Every structure is written in C-alpha cells, then in structure tokens.
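In case you want the letters, here they are:
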Amino acid sequence: MIKNFLKQHAASVLLPLLGTGLIILMWSVSSTTWSKSLPSPGKTWEVSKPYVAEPFAKRGELDQGILRFAWYSLVLVAKGYSIALLIGVPLGFLLGLSKLFSKGFDPIIQVLRPVSPLAWLPLGLILFEKSKPAALFTIAICAMWPTVLNTAMGVRAIPQDYLNVARVLKLSPAKRLFKILIPATLPYMFTGFRLSLGIAWLVIVAVEMLTGSPGVGGFLWQEYNSLIYEHIILCILTIGLVGFVLDRMMSVVEQRFRAA
Amino acid sequence: MAFLELKGVSKGYTTSGGRTEVLRDINLEIEKGEFVAVVGYSGAGKTTLISMIAGLVRPDTGTITLDGKPITEPGPERGVVFQNYSLLPWMNVRENVQLAVDQIFPNWSRDQRRAHVDKYIAMVNLTPAAHKKPHELSGGMRQRVSVARALAMDPAVLLLDEPLSALDALTRATLQDEIENIWERDQKTVLLITNDVDEGILLADRIIPLSAGPAATLGAAVKVDIPRPRDRKALNHDARFKTIRGRVIHYLLGAGSKSQGKVREAVQRPRILDELGITA
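## What to know about the overall build of chain A
Across its full length, chain A holds ten helices and two strands. Listed by position from the N terminus, the elements making up chain A come as α-α-β-β-α-α-α-α-α-α-α-α. Computed over C-alpha atoms, the radius of gyration of chain A comes to 23 Å, more than 25% over the 18 Å expected from 2.2 N^0.38 for 260 residues, which places it beyond the range of a compact globule. Its C-alpha atoms give chain A principal-axis dimensions of about 70 × 65 × 35 Å. Across the 260 residues of chain A, 35% fall into the buried class. Within chain A, counting contacts between residues at least 6 apart in sequence, those at least 24 apart form 69% of the total.

## Overview of the domain arrangement of chain B
Residues and elements named next belong to chain B. Domain annotation for chain B reports domain 1 (4-75 + 157-279) and domain 2 (78-154). Distance from the C-alpha centre of domain 1 to the C-alpha centre of domain 2: 25 Å. Elements with a minimum of two residues in the side of domain 1 that touches domain 2: helix H1 (46-54), strand S7 (157-161) and helix H5 (169-186). It is S7 that contributes the most residues to the side of domain 1 that touches domain 2, five residues altogether. In terms of residue class, the side of domain 1 that touches domain 2 is built from twelve nonpolar, five polar and three charged.

## Here's the deal with the interface of chain B and chain A
Facing the 14 residues of chain B at the interface are 13 residues of chain A. The element that contributes the greatest number of residues to the side of chain B that touches chain A is helix H2 (residues 93-104) of chain B, accounting for three residues. Of the residues contributing to the side of chain B that touches chain A, the split by class is ten nonpolar, four polar and no charged.

## Side note on the packing of helix H4 (residues 139-152) of chain B against H5(B)
Residue and element names in this part refer to chain B. At their nearest, the axes of H4 and H5 sit 11 Å apart, and the two run at 15° to each other. In terms of orientation, H4 lies roughly parallel with respect to H5. When you trace H4 past H5, the crossing you get is right-handed. Packed against H4, whose contacting residues are Gly 140, Gln 143, Arg 144 and Leu 151, the element H5 presents Thr 171, Leu 175 and Ile 182 at the interface. Tallied by class, residues from the contact of H4 with H5 come to three nonpolar, three polar and one charged.

## Describing the environment of B:Glu21
Residues and elements named next belong to chain B. Looking at where Glu 21 falls in the secondary structure, it is placed in strand S2 (residues 18-30). Glu 21 gets classed as partly exposed once you count the C-beta atoms within 10 Å, which come to 16. Spatially, the C-alpha atoms of Glu 21 and Asp 60 are 9.9 Å apart, while their sequence positions differ by 39 residues. When near neighbours in sequence (up to four residues on either side) are disregarded, Glu 21 contacts Ser 10, Gly 12, Pro 214 and Ala 215.

## So, the domain arrangement of chain A
Partitioning chain A into domains gives domain 1 (1-36) and domain 2 (58-259). A C-alpha centroid distance of 34 Å is found between domain 1 of chain A and domain 2 of chain A.

## Concerning the sheet that holds strand S9 (residues 206-210) of chain B
Residue and element names in this part refer to chain B. Spatially, six strands are ordered S6-S7-S8-S3-S9-S10 in an open sheet, and the strand pairing comes out mixed. In this open sheet, the two edge strands, each paired with only one partner strand, are strand S6 (78-81) and strand S10 (222-223). Of the strands in this sheet, strand S3 (35-40), S9 and S10 are in contact with helix H8 (residues 239-253), which crosses S9 at around 20°.

## Observations concerning the nonpolar core
Core analysis: the largest hydrophobic core is formed by 132 residues, its most contacted members being A:Ile139, A:Ala200, B:Val97, B:Ala148, B:Leu191 and B:Ile207. If near-sequence neighbours (up to four positions away) are discounted, A:Ile139 is found in contact with A:Val77, A:Gly80, A:Tyr81, A:Ala84, A:Ala200, A:Val203, A:Ile204 and A:Val207.

## So, the pairing of S9(B)
Residues and elements named next belong to chain B. Among the five residues in S9, four count as buried, and that is most of the element. Summarising the sheet, S3 and S9 pair through five bridges and their orientation is parallel. Residue Ala 37 lies in a different strand from S9, and its bridge partner there is Ile 207. As paired elements, S9 and S10 share two bridges and run antiparallel to each other. Each bridged residue has a counterpart across the sheet, and for Arg 206 the counterpart in S10 is Lys 223.

Definitions and cut-offs
Residues numbered from 1 in each chain as written. Chains lettered and ligands numbered in written order. Predicted model: local features only at pLDDT ≥ 70, side-chain atom pairs only at ≥ 80, totals over all residues. Helix = DSSP H or I, 4+ residues; strand = E, 2+ residues; numbered from the N terminus. Rg over C-alpha atoms; globule rule 2.2 N^0.38 Å. Buried ≥ 20, exposed ≤ 12 C-beta atoms within 10 Å, placed from the backbone. Contact = placed C-beta atoms within 7 Å. Domains from an automatic or database assignment. Nonpolar A, V, L, I, M, F, W, Y, C, P; charged D, E, K, R; others polar. Axes fitted to C-alpha atoms, helices over the stretch in contact; angles between N-to-C directions. Parallel < 35°, antiparallel > 145°, perpendicular 65-115°, else oblique. Left-handed = near helix turned anticlockwise from the far one by under 90°. Pairing = 2+ DSSP bridges. Core = buried A, V, L, I, M, F, W, Y, C linked by C-beta atoms within 7 Å.

Below you can see the structure in the form of structure tokens.
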C-alpha cells in the first residue's frame, strides 16, 4: 500500500521536495564556506519571521509585512499593466489588419522590444518628471510587446472562413470587429496578456529599486542598504511566488479561452 | 436572360511556378427555381466556381449576373453553405443563425427575428441543440446549422459547396433528403457542387460535369427527367438513372478527364454495392 502510494506520488511530490531540498542545502553550505556574508537558511527564517507571520502588519513606513509590500507592488503593476493592454491591443489590431501599418512600424517595434526597463526609466523621469508616472510608463512600455505581437499574430491567423462569413453577411466594420475579429483573436490575446503580466512583474522590482517607491522591490533595496541581507532573500522568494501565482491564474483564464 | 448567368468566365491563380488557369470559359445558365448540380473532380476548381458566384473571388474574364445585375461583391441574396461549415466557434447554434438574421432583417422586431431563427433551427431539426457550440456538435449537425443559417437569410440563390462531402454515408443520405424537402417547399434556386454523381442525380433538375483541371470547363448538361420525389433505393434500378449516370461518368472519364498530367482524386463512383448490401 505505502509502496504503491510512494510510487504514484514520487514524481509529483517527492521530486520537487528533493530538488528544493538540494538547493537549500547548497545555499546552507555556501553560507558557511565561501560566502560568509550570505545568511544561512535558518538565520533567514528567524529574521524574516515577523514579516511572514504578520504579512499585512504596518509598523512604520519602512517596516511592513511582506505581503503588504507585495500588495503595493501589485497595485502599481496593475496600473502599468492596464495601460500596457489599453495601448497594446489596439496597436496589435492595427499591425494585424493593415499591411501598410505593419510594414511601417514592425522594424521599430523589433528594435524597441528588447530594451531593458533600466533604460526606459530615466526617459520616463525626463518625460513625466515624477517617479510614479515614470514607473507606470516603464512598466507599460516594457510589458506591452507580447500583447502587441500576439494580438497581431492572432488577427493575421483568423481563418478566411470567418472573414468570408462577415463578407457574405455584409457586416459593418464595428460588427465585424466585435462579432468576428475580437472573438477570433481572444485566445492569442490572452497568451499575450499572460506573457505581458510576467514582464510587468519583472519590471516592477527594478523600477521600485530605482525610484525608491514602497513595495517589495523598494523594500529589497532598502534592506540591502541597511545590510539586512536576510530580507533580500525573503523578497526574492516573495517576488518569485507572487509571479508564479499570477502566471498560474492567467494560465487558467487562457485555457478557458482556448477551449471555447 | 437566365436568372443566374455565367458568360465566358475564367479564373487563374499566380503561383511560384507561374500562372495556373483553374477555370476556362465557363458558361452556365440557371433558371429561377431550378436545382442544378455541377459534378467534378476534386481540385478541379469547383470551390473557385462557387466563390466567384458568391462574390468572394472576382473572375479574370467574363461576367456573372444574377437577375440581370452583375455580381461584383458578396451579398446576402446569395446564401452560401461552405464545405467546411464556416460556423463561428464562439457562438452557439442559435447565435450563429441569429447573426445572419439580425443582419439581413434589421427592420424586423426582436420577436420577429427570434421566431425566424427558431423556425429555421427547427427546419433542420436542431431545436434541442440550439444552445450548443459548434465543437459540441457532430459534422452532420454542424452542416445543418450552416444550411439553416444560409436559408434563414432567405437568399435568392442557395450555393452549396460540397456540403455533404465530409459526412458519413448515412448522415449524407439524411441531409440529402432534408435539402430536397427544403428545396421543394421553398422552390429556391439552388446550385449544388459535388463530387458525387449519384447525389447530383438524386437532387438536381440538371447535372453538369466539370472536366478535370487545370483549365477545367463545363461539359454538356444532362437533364434529370426522373419524377420527384425520387427514391434513393429505387433509383439504382431506374433505367433513366443509369443512362444519366452513364453519360455524366462517360464525360468525366472520357473527354473531361484530360488533365495536364497532374495527380488528382478520382470521381466518387456510384455506391451500387453498398446499396445492394443494405437491401439484400
């Protein structure tokens, strides 16, 4: 019985535990051998405990529960991400629908797409002069590309049959857009949305570090400057976990649209 | 002047290897209320022919007129049932038909349109499946939705592009009967494109063979002078049926088979043995 149970769950439970354990072991060994300033796993847990045990506590401006910090970051991401979608979807449709537009703008998009958030932020500060709009600008401009490109690809991939239906019925441009083009493109759009969200979350940390806004990235930088290295690791794990949860959530939504 | 008329129509496509002429010098006249079947090889350009009449593709030369007016673009007065159903997968059966009805009869009241949609869904026996999405339906059911959508537009001409070729023999027979019933009741002008000679003879007033491509053209029309309703089983023993089929197949395998050495699928042979197997 137990043997069977182990066999069945070995792949899904034991192996991930084993892998994680191995990394913690390496971390532990590293902290006692070649990198003395790296806090050990035990020490990290001890120092991080108040932040994890009371995740939403607010003891002061710079001393808050880790999920409270994460929440600040999420709010900022949500705003920047919304801007990314609001610009990215129409831009994607234009690229997908118009060969002229696509020919004109595709090269510059390919050039701007790989630019790092660290490069965009100073430009945002020049443009908007304040750190918050600059942060939103940076998140939006970095995160929108997957939405733009996937939407454009989805529009180009609409089967001719659906377009023929629109032509035979003589649908108006608006009806054609809302009844045919958008529903047909939705699965591609959601793939773009998921990738964009991943990037937006990636960008937030860099942006918060540079602007010093409160959030999980800002906290990380502040704790580095205060020499509390345990909190850096806590932040890294939090950022990773929140990113993972966001991706899972988007993936569920994406699957739903794919099946429909 | 015939109701639907094609004069000297030809169409070619430019490919990497140069230009291929698909259809050459097509002349076709269909009277109002007539049911005409065009039978031909797969890949001979049957779909191109129907796309041109539908207005989705412009011919290179020649003219196509409906009721005296030249066809230059698609329009709802020509209802098309595509080979691959062309249903919108994010809409259920009712919404697929509704989209067409709302578009064609914008002046009707909501209730009127709703009743109209219900009527045509019922006509193809899909009332119990009205709320289902296309992916939940069988091929035959999907094709019936497609037929219902085309009919609900109340088109002057119904264009059927191999509507039954993707279906199994039994579903095919059922839908053939449904198409014939609907035609008898509404007396619509119908152009059926098929690769099944028997199907053409069973349904049509006239059957016209299309020669093998490239540069396919229409052969001489054969009148189907078998009284309706036609019984599928009795038909096989009917002398007139045999004569008509003989003439069509003779053309397709003889004069109409001269292709330019390209690989092509054969015309679907009559299923006499199947029929005998069932009746024996």
